[in-house]
Amino acid sequence: LRTLGVTDLTGMDPDKERRDCFETELAGRTFANEVQAIEEMPDLVFICSPNRFHLRQATLAAEKGRFCPYGFELEISPRFYPHEAMD
């Protein structure tokens, strides 16, 4: 996103260690819960949480008028790329 000119990155994670990493590596702001993050009124929301949270978080973003493209993330592991795990 930085290479596309995005200057304001905000992240949400309940885990403080991951928030600290985001702040250090991406120079972004973080919040411990999605309500606080959405209140910052981001232009775009990526939801990368466990599936069980997606509907609630997408609804919260939509209610605030935030653009939330629907997508899914894949865990990068040998079970998705078995041919690469074989030697």
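Here, every reference points to the structure presented above.
One structure accompanies this document, and this report is about it.

Rules of the game
Residues numbered from 1 in each chain as written. Predicted model: local features only at pLDDT ≥ 70, side-chain atom pairs only at ≥ 80, totals over all residues. Heavy atoms only, no water. Patch = residues over 30% accessible without salt bridge, like charges linked within 9 Å, V, L, I, M, F, W, Y side chains within 5 Å. Areas by Shrake-Rupley, 256 points an atom, 1.4 Å probe, with all protein chains shown as cover. Salt bridge = Lys/Arg side-chain N within 4 Å of Asp/Glu carboxyl O. Helix = DSSP H or I, 4+ residues; strand = E, 2+ residues; numbered from the N terminus. Buried < 20%, exposed > 50% of the residue type's maximum accessible area, 1.4 Å probe, protein only. Lys, Arg positive; Asp, Glu negative; His and termini not counted. Contact = heavy atoms within 4.5 Å. Polar contact = N/O pair within 3.5 Å; in protein donor to acceptor, adjacent residues only side chain to side chain.

Considering a nonpolar patch on the surface
Next up, step 1: A cluster of nonpolar side chains, contributed by Leu1, Leu4, Val6, Leu44, Phe46 and Phe67, occupies part of the molecular surface with about 610 Å² of accessible area.
Next up, step 2: Looking at where Leu44 falls in the secondary structure, it is placed in the loop between helix H2 (34–39) and helix H3 (54–63).

Thoughts on the side chain of Arg19
Next up, step 1: When you line up the elements, Arg19 lands in helix H1 (residues 16–26).
Next up, step 2: Within the buried set, Arg19 has no salt-bridge partner at all; the shortest N-O distance to an opposite charge, 5.6 Å, is to Glu23.
Next up, step 3: Leave out the neighbours within four places in its chain, and Arg19 touches Asp13, Pro14, Thr30, Phe31 and Ala32.

Description of H1
Next up, step 1: Between the side-chain oxygen at the start of H1 and the backbone nitrogen of Glu17 there is a gap of 3.0 Å, and the oxygen is on Asp15.
Next up, step 2: A positive phi of about 50° marks Ala27, the residue just after H1.

Section: the pattern of salt bridges
Next up, step 1: One pass over the structure, following the stated rule, counts six salt bridges.
Next up, step 2: The closest approach of N and O atoms between Asp13 and Arg18, which form a salt bridge, is 2.8 Å.
Next up, step 3: One salt bridge in this structure joins Lys16 and Asp20, with 3.0 Å as the shortest N-O distance. Linking Lys16 with Asp20, this pair stays in helix H1, spanning four residues, or about one helical turn.
Next up, step 4: On the basis of relative accessibility, which here comes to 32%, the residue Asp20 falls in the partly exposed class.
Next up, step 5: Several salt bridges share partner residues, and in doing so they unite Asp8, Arg29 and Glu40 into one network.

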